[in-house]
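Coordinate inspection notes
Here are the chains, one letter per residue:
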Amino acid sequence: MAEWDLEVFWQETMKQVRSELREQEFGVWFANLKYLSADENGIIIGVPSAFFRDQIRNRYQNMIVSKLSGLAGRNLTLNFEISPEKNIKQPVLRDDPPAVSGFSAEKPSQTAPPQPVPVVKPPKERHPNMRDDYTFEKYVIGENNDFAVNAAIAISRNPGTVYNPFLVYGGVGLGKTHLMQAIGNYIHENSENKIICVTSENFLNEYVELVQANKMKQFTNKFRYTDVLLIDDIQFLQDKPGCQDELTHTFNALLDAKKQLVFTCDRPVSELKKFSERLISRFELCLKVDLQPPRYEVRCAILKSTAKNQGVSIPNEIIDLIAKNVSSNVRDLIGALNTLIAFTRLMGVPITMEIAQQRLKDVFVAPRQANMSIENIQRVVADYFSLSPNDLKGKKKTKNIVFPRQLAMYIAREITDFSTTELGQSFGGRDHATVLYSIEKIKGQLLTDPTIDSTIESLKRLIKEFSAKI
Ligand code: ADP
Ligand code: MG
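Residues numbered from 1 in each chain as written. Chains lettered and ligands numbered in written order. Predicted model: local features only at pLDDT ≥ 70, side-chain atom pairs only at ≥ 80, totals over all residues. Heavy atoms only, no water.

**As for the sheet that holds strand 5 (residues 195–199)**
The strand order across the open sheet built from five strands is 5-6-7-4-8, with neighbouring strands paired in parallel fashion. If you trace the sheet from one side to the other, it starts and ends with strand 5 and strand 8 (287–290), each paired once. Taking the axes of each pair of neighbouring strands and ignoring which way they run, one obtains an average angle of 15° across the sheet. The sheet contact formed by strand 5 and strand 6 (residues 228–232) spans five bridges and is parallel. (Pairing = 2+ DSSP bridges. Helix = DSSP H or I, 4+ residues; strand = E, 2+ residues; numbered from the N terminus. Axes fitted to C-alpha atoms, helices over the stretch in contact; angles between N-to-C directions.)

**A few points about the site of ligand 1**
Around ligand 1 sit 17 residues in total, of which Val140, Gly173, Lys176, Thr177 and His178 are the nearest. In this structure, Gly175 approaches ligand 1 through a main-chain N or O atom, which is 3.0 Å from an oxygen atom. Arg331 has a polar side-chain atom sitting 2.9 Å from an oxygen atom of ligand 1. A total of 560 Å² of accessible area belongs to ligand 1 in isolation, and the protein chains cover 89% of it. When contributions to the shell around ligand 1 are tallied by element, the ones reaching two or more residues are helix 5 (176–190) and helix 12 (330–347). Looking at the shell around ligand 1 residue by residue, the class counts come to eight nonpolar, six polar and three charged. (Near = heavy atom within 4 Å. Polar contact = N/O pair within 3.5 Å; in protein donor to acceptor, adjacent residues only side chain to side chain. Areas by Shrake-Rupley, 256 points an atom, 1.4 Å probe, with all protein chains shown as cover. Nonpolar A, V, L, I, M, F, W, Y, C, P; charged D, E, K, R; others polar.)

**Notes on the environment of Val435**
Assignment of secondary structure puts Val435 in helix 18 (residues 432–448). Separated by 13 residues in the primary sequence, Val435 and Glu422 have C-alpha atoms spaced 9.7 Å apart.

**Some remarks on the confidence of the model for the chain**
Any segment with low pLDDT has predicted coordinates that should not be analysed in fine detail. Within the chain, residue pLDDT values average 86, and 88% of them lie at 70 or more. Segment residues 367–371 is flagged for pLDDT under 50; beyond a separation of four residues in sequence, or across chains, it makes 11 contacts in the model. (pLDDT = per-residue confidence, 0-100. Contact = heavy atoms within 4.5 Å.)

Below, the structure is given as structure tokens:
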């Protein structure tokens, strides 16, 4: 064995890692790693994408390096090379891994039958109903979405077996559609599974059309004989009983046949209104994961990755400016960046701080104000707690009124630009110190009572919906 023929150590390391991880976790992260080469300092591993490389680095690099170095008796490094071949099958991943006892690599003998020449498959045509840029590679992972992404990857690799059915929920522009289609695109590219990807509006329209044309069988057959069914934004099926029934039957049939179901929704299942109990009970079966708005660091990473994908280099101070000012959701974040890129391209000027501040000033203000009046906030919060807006403005200090009042002030401060003085005036002529006290009170309760956070999120969404309607 040459001094730097370290493949055998790599295989032994993989064997050890495999015995320590759950089979599924091993399958997700290690199935596509390929030993490429080594020198005296360490080894180079092929990974299918930058996404995999970063994940392996963050999660497993220390573990791998310590095992490898232990086996070799000296410190080794682990380097990665992105090798785009898909479906690389590692010997170590076979059901029956080759023996590596004594660490002696068994090279194929001279008389071994010739190996079949690998057929290089042409890239598959994109799926007609999915965006080809909605992939895992382009999905930035942070603590706001890592559980959801892990589950989505596991599903992509083993559709219909793990985490089935699966439901992703969260506010507008947080990446639900992207994540769902990343599952679809991965399965499309790596298998022959039949995939249907629809918005719930399309599902509904097709249903209505075929019912009217007396072609129900055609509808049933289409949706029940697929391997993967992805339905986006199920909340739009609200108040459509016939279509809901059909979806319930489809759901049952596909689940019985171990076919993968993935849904997205803009709210938790418990908040879906005007849905049949039977369908709700189906959705309750799902593994439900929520997407949260990304924190500052993740927002920066998303901006950098988006700029890179467009071949544009953006100074860090501008990334910082946008990330600090647009925190509501990823769609607005990317929208702000795209506005800036489009403008500077059109004008043929470089992206400077001055231009960024100038061009984005409306964007920065808009999401906070977003049509929200204090009155709307009071109406929605009062309604939620079965009170009247006057209760929130009044003087009563009973517990059932004080908490909603403080919550309304807290939310108003969060989603509008009104000062505490202005807020105080709108809440029955209170002074700004009272508003501040209320906000601090809620902040304190947030630390000890996890349910308040979700109440606030639900209220914010209801306020948004209410404001959009009027
Ligand atoms: P939703 O369906 O939740 O409303 P989308 O999936 O349409 O949101 O995402 C809005 C935009 O933000 C899309 O352009 C999407 O590619 C992008 N996006 C969302 N989350 C991420 C992420 N984690 N990394 C990169 N881009 C993201
Ligand atoms: Mg969407």
